[in-house]
Amino acid sequence: KGLLKSFHFSQHAQVQIQQAGMTWSPAHLLAAMGLMLIPGLGIGVAVPFLFNTPLTSIVLGLILASLPYFYVRHRRKKRMDALEEQFPEALDFLARSMRAGHAFSISLEMLGEEIPAPLGQEFRTLFNEQNLGAPLETALRNFTERVPLLDVRFFTSSVLLQRQTGGNLSEILARLAYVIRERF
(Lines give C-alpha, C1' and ligand atoms only; values in the text may rest on other atoms or scores of the structure.)
Protein backbone atom coordinates (compact mmCIF):
# COMPACT_ATOMS: atom_id res chain seq x y z
CA LYS A 1 0.00 0.00 0.00
CA GLY A 2 2.90 2.36 0.78
CA LEU A 3 4.37 1.61 -2.65
CA LEU A 4 1.07 2.47 -4.32
CA LYS A 5 0.85 5.76 -2.44
CA SER A 6 4.33 6.68 -3.62
CA PHE A 7 3.08 6.35 -7.20
CA HIS A 8 -0.12 8.24 -6.30
CA PHE A 9 -2.06 5.42 -7.95
CA SER A 10 -4.84 5.40 -5.39
CA GLN A 11 -5.33 9.16 -5.71
CA HIS A 12 -5.30 8.96 -9.52
CA ALA A 13 -7.61 5.94 -9.49
CA GLN A 14 -10.03 7.66 -7.10
CA VAL A 15 -10.30 10.68 -9.42
CA GLN A 16 -10.80 8.48 -12.49
CA ILE A 17 -13.44 6.35 -10.75
CA GLN A 18 -15.29 9.41 -9.45
CA GLN A 19 -15.27 11.07 -12.87
CA ALA A 20 -16.53 7.82 -14.38
CA GLY A 21 -19.51 7.99 -12.02
CA MET A 22 -18.67 4.60 -10.54
CA THR A 23 -18.87 3.50 -6.90
CA TRP A 24 -15.66 1.48 -6.88
CA SER A 25 -12.82 2.29 -4.55
CA PRO A 26 -9.17 2.32 -5.62
CA ALA A 27 -8.74 -0.92 -3.69
CA HIS A 28 -11.60 -2.48 -5.67
CA LEU A 29 -9.96 -1.44 -8.93
CA LEU A 30 -6.61 -2.79 -7.79
CA ALA A 31 -8.23 -6.08 -6.75
CA ALA A 32 -9.92 -6.38 -10.15
CA MET A 33 -6.58 -5.74 -11.83
CA GLY A 34 -4.92 -8.39 -9.66
CA LEU A 35 -7.66 -10.90 -10.40
CA MET A 36 -7.28 -10.31 -14.14
CA LEU A 37 -3.51 -10.79 -13.87
CA ILE A 38 -3.94 -14.42 -12.77
CA PRO A 39 -5.73 -15.75 -15.89
CA GLY A 40 -3.30 -13.79 -18.06
CA LEU A 41 -0.36 -15.54 -16.46
CA GLY A 42 -2.14 -18.90 -16.76
CA ILE A 43 -2.97 -18.44 -20.44
CA GLY A 44 0.60 -17.32 -21.10
CA VAL A 45 1.91 -20.56 -19.59
CA ALA A 46 -0.60 -22.69 -21.51
CA VAL A 47 -0.13 -20.95 -24.87
CA PRO A 48 3.35 -19.44 -25.25
CA PHE A 49 3.00 -17.49 -28.50
CA LEU A 50 5.96 -15.17 -27.93
CA PHE A 51 9.61 -16.22 -27.73
CA ASN A 52 9.29 -18.02 -24.43
CA THR A 53 6.74 -18.95 -21.77
CA PRO A 54 7.73 -16.44 -19.03
CA LEU A 55 7.65 -13.50 -21.45
CA THR A 56 4.28 -14.56 -22.85
CA SER A 57 2.88 -14.98 -19.33
CA ILE A 58 4.08 -11.54 -18.24
CA VAL A 59 2.79 -9.81 -21.38
CA LEU A 60 -0.64 -11.49 -21.24
CA GLY A 61 -0.84 -10.94 -17.48
CA LEU A 62 -0.17 -7.21 -17.86
CA ILE A 63 -2.60 -6.88 -20.76
CA LEU A 64 -5.43 -8.57 -18.86
CA ALA A 65 -4.54 -6.74 -15.62
CA SER A 66 -4.91 -3.40 -17.39
CA LEU A 67 -8.43 -4.19 -18.63
CA PRO A 68 -10.27 -2.99 -15.47
CA TYR A 69 -8.36 0.30 -15.58
CA PHE A 70 -9.22 0.79 -19.25
CA TYR A 71 -12.83 -0.07 -18.45
CA VAL A 72 -12.88 2.77 -15.89
CA ARG A 73 -11.28 5.10 -18.45
CA HIS A 74 -13.88 4.10 -21.06
CA ARG A 75 -16.75 4.75 -18.63
CA ARG A 76 -15.17 8.09 -17.72
CA LYS A 77 -14.93 9.14 -21.37
CA LYS A 78 -18.55 8.15 -22.05
CA ARG A 79 -19.71 10.10 -19.01
CA MET A 80 -17.64 13.17 -19.90
CA ASP A 81 -19.07 13.10 -23.44
CA ALA A 82 -22.61 12.93 -22.01
CA LEU A 83 -21.87 15.79 -19.62
CA GLU A 84 -20.46 17.89 -22.43
CA GLU A 85 -23.51 17.23 -24.57
CA GLN A 86 -25.93 18.21 -21.78
CA PHE A 87 -24.05 21.31 -20.64
CA PRO A 88 -25.35 23.93 -23.12
CA GLU A 89 -28.95 22.97 -22.36
CA ALA A 90 -28.19 23.24 -18.64
CA LEU A 91 -26.79 26.74 -19.13
CA ASP A 92 -29.89 27.75 -21.09
CA PHE A 93 -32.06 26.37 -18.29
CA LEU A 94 -30.12 28.37 -15.70
CA ALA A 95 -30.39 31.54 -17.79
CA ARG A 96 -34.16 31.10 -18.29
CA SER A 97 -34.67 30.37 -14.63
CA MET A 98 -32.76 33.47 -13.58
CA ARG A 99 -34.64 35.61 -16.14
CA ALA A 100 -37.85 34.34 -14.54
CA GLY A 101 -36.66 35.89 -11.28
CA HIS A 102 -35.17 32.94 -9.41
CA ALA A 103 -31.96 33.34 -7.45
CA PHE A 104 -28.84 31.57 -8.71
CA SER A 105 -28.89 28.98 -5.90
CA ILE A 106 -32.58 28.20 -6.46
CA SER A 107 -31.89 27.91 -10.19
CA LEU A 108 -29.12 25.40 -9.41
CA GLU A 109 -31.52 23.36 -7.31
CA MET A 110 -34.16 23.38 -10.04
CA LEU A 111 -31.54 22.45 -12.64
CA GLY A 112 -30.38 19.52 -10.52
CA GLU A 113 -33.94 18.24 -10.37
CA GLU A 114 -34.86 18.82 -14.03
CA ILE A 115 -31.77 17.81 -16.01
CA PRO A 116 -31.28 14.03 -16.30
CA ALA A 117 -28.15 12.24 -15.07
CA PRO A 118 -25.22 12.56 -15.23
CA LEU A 119 -25.27 16.38 -15.29
CA GLY A 120 -28.31 16.65 -13.05
CA GLN A 121 -26.59 14.78 -10.24
CA GLU A 122 -23.51 16.98 -10.56
CA PHE A 123 -25.61 20.14 -10.26
CA ARG A 124 -27.46 18.61 -7.28
CA THR A 125 -24.10 18.02 -5.64
CA LEU A 126 -23.06 21.60 -6.43
CA PHE A 127 -26.29 22.94 -4.91
CA ASN A 128 -26.02 20.69 -1.85
CA GLU A 129 -22.44 21.79 -1.15
CA GLN A 130 -23.43 25.42 -1.37
CA ASN A 131 -26.65 24.86 0.59
CA LEU A 132 -24.73 23.13 3.40
CA GLY A 133 -22.53 26.16 3.89
CA ALA A 134 -19.63 25.88 1.48
CA PRO A 135 -18.78 29.21 -0.15
CA LEU A 136 -19.87 29.41 -3.78
CA GLU A 137 -16.24 29.62 -4.90
CA THR A 138 -15.39 26.35 -3.12
CA ALA A 139 -18.49 24.57 -4.40
CA LEU A 140 -17.75 25.69 -7.97
CA ARG A 141 -14.10 24.63 -7.66
CA ASN A 142 -15.21 21.17 -6.49
CA PHE A 143 -17.67 21.03 -9.40
CA THR A 144 -14.83 21.85 -11.80
CA GLU A 145 -12.71 19.05 -10.30
CA ARG A 146 -15.53 16.52 -10.60
CA VAL A 147 -16.34 17.58 -14.16
CA PRO A 148 -13.00 18.50 -15.78
CA LEU A 149 -14.39 20.04 -18.96
CA LEU A 150 -13.28 23.30 -20.51
CA ASP A 151 -16.90 24.47 -20.70
CA VAL A 152 -17.34 23.92 -16.97
CA ARG A 153 -14.24 26.01 -16.28
CA PHE A 154 -15.71 28.79 -18.45
CA PHE A 155 -18.97 28.51 -16.51
CA THR A 156 -17.19 28.66 -13.15
CA SER A 157 -15.06 31.61 -14.23
CA SER A 158 -18.10 33.44 -15.59
CA VAL A 159 -20.11 33.00 -12.40
CA LEU A 160 -17.24 34.02 -10.13
CA LEU A 161 -16.32 36.99 -12.30
CA GLN A 162 -19.94 38.13 -12.40
CA ARG A 163 -20.10 37.85 -8.59
CA GLN A 164 -17.10 40.19 -8.31
CA THR A 165 -17.90 42.70 -11.04
CA GLY A 166 -21.67 42.53 -11.38
CA GLY A 167 -23.67 42.23 -14.56
CA ASN A 168 -26.50 40.16 -15.91
CA LEU A 169 -25.61 36.53 -15.14
CA SER A 170 -28.53 35.11 -17.13
CA GLU A 171 -27.31 36.94 -20.25
CA ILE A 172 -23.74 35.76 -19.65
CA LEU A 173 -24.88 32.13 -19.30
CA ALA A 174 -27.08 32.33 -22.41
CA ARG A 175 -24.14 33.66 -24.42
CA LEU A 176 -21.84 30.99 -23.02
CA ALA A 177 -24.34 28.30 -24.06
CA TYR A 178 -24.47 29.83 -27.54
CA VAL A 179 -20.65 29.88 -27.80
CA ILE A 180 -20.42 26.25 -26.68
CA ARG A 181 -23.01 25.17 -29.26
CA GLU A 182 -21.23 27.11 -32.01
CA ARG A 183 -17.96 25.43 -31.10
CA PHE A 184 -19.53 22.06 -31.83
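Up top is the structure these notes are about.
Being a predicted model, the structure only gives us computed values, none of them experimental.

Draft legend 1. Main features of the environment of Val179. Looking at the element boundaries, Val179 is found in helix α9 (residues 169-183). According to the relative accessible area criterion, Val179 is exposed, its value standing at 51%. Note: C-alpha distance between Val179 and Met80 (99 residues apart in sequence) is 19 Å.

Draft legend 2. Main features of the packing of helix α6 (residues 119-131) against helix α7 (residues 136-146). One way to put it is that α6 packs onto α7 with a least axis distance of 9 Å and a crossing angle of 155°. With respect to α7, the element α6 is oriented roughly antiparallel. Note on packing geometry: the crossing formed by α6 with α7 is right-handed. Side by side, α6 and α7 meet where Glu122, Phe123, Thr125, Leu126, Glu129 and Gln130 of the first sit next to Leu136, Thr138, Ala139, Leu140, Asn142, Phe143 and Arg146 of the second. Residue composition of the contact of α6 with α7, by class: six nonpolar, four polar and three charged.

Draft legend 3. Structural detail: the nonpolar core. If you look at the biggest cluster of nonpolar residues, it comprises 31 residues, and the most contacted ones within it are Phe87, Phe104, Phe123, Phe155 and Leu173. Of all elements in the fold, only α4 (53-99), α5 (104-114), α6, α7, α8 (150-165) and α9 reach the threshold of two or more residues within this core. Per element, the largest residue contribution to this core is nine residues, and it comes from α4. With residues up to four places along the chain from it excluded, the contact list for Phe123 reads Phe87, Ala90, Leu94, Leu108, Leu111, Gly112, Phe143 and Phe155. Ranked by size, the runner-up nonpolar core spans nine residues in total, among them Ala13, Ala20, Leu29 and Val72.

Draft legend 4. Here's a closer look at α6. Over its 13 residues, α6 extends 18 Å from the first C-alpha to the last, a length consistent with the 18 Å expected when each residue adds 1.5 Å. Along α6, the residues classified as buried are Leu119, Gly120, Glu122, Phe123, Leu126, Phe127 and Gln130. Seen along its axis, α6 keeps its buried residues to an arc of 165°; they face one direction. For α6, the secondary structure elements touched by its buried residues are α4, α5, α7 and α8. Remark: Gly133 follows α6 within two positions and exhibits a positive phi of approximately 115°.

Rules and cut-offs
- Residues numbered from 1 in each chain as written.
- Predicted model: local features only at pLDDT ≥ 70, side-chain atom pairs only at ≥ 80, totals over all residues.
- Heavy atoms only, no water.
- Helix = DSSP H or I, 4+ residues; strand = E, 2+ residues; numbered from the N terminus.
- Buried < 20%, exposed > 50% of the residue type's maximum accessible area, 1.4 Å probe, protein only.
- Axes fitted to C-alpha atoms, helices over the stretch in contact; angles between N-to-C directions.
- Parallel < 35°, antiparallel > 145°, perpendicular 65-115°, else oblique.
- Left-handed = near helix turned anticlockwise from the far one by under 90°.
- Contact = heavy atoms within 4.5 Å.
- Nonpolar A, V, L, I, M, F, W, Y, C, P; charged D, E, K, R; others polar.
- Core = buried A, V, L, I, M, F, W, Y, C linked by side-chain atoms within 4.5 Å.
- Expected span 1.5 Å × (residues − 1).
- Arc of directions from axis to C-beta.

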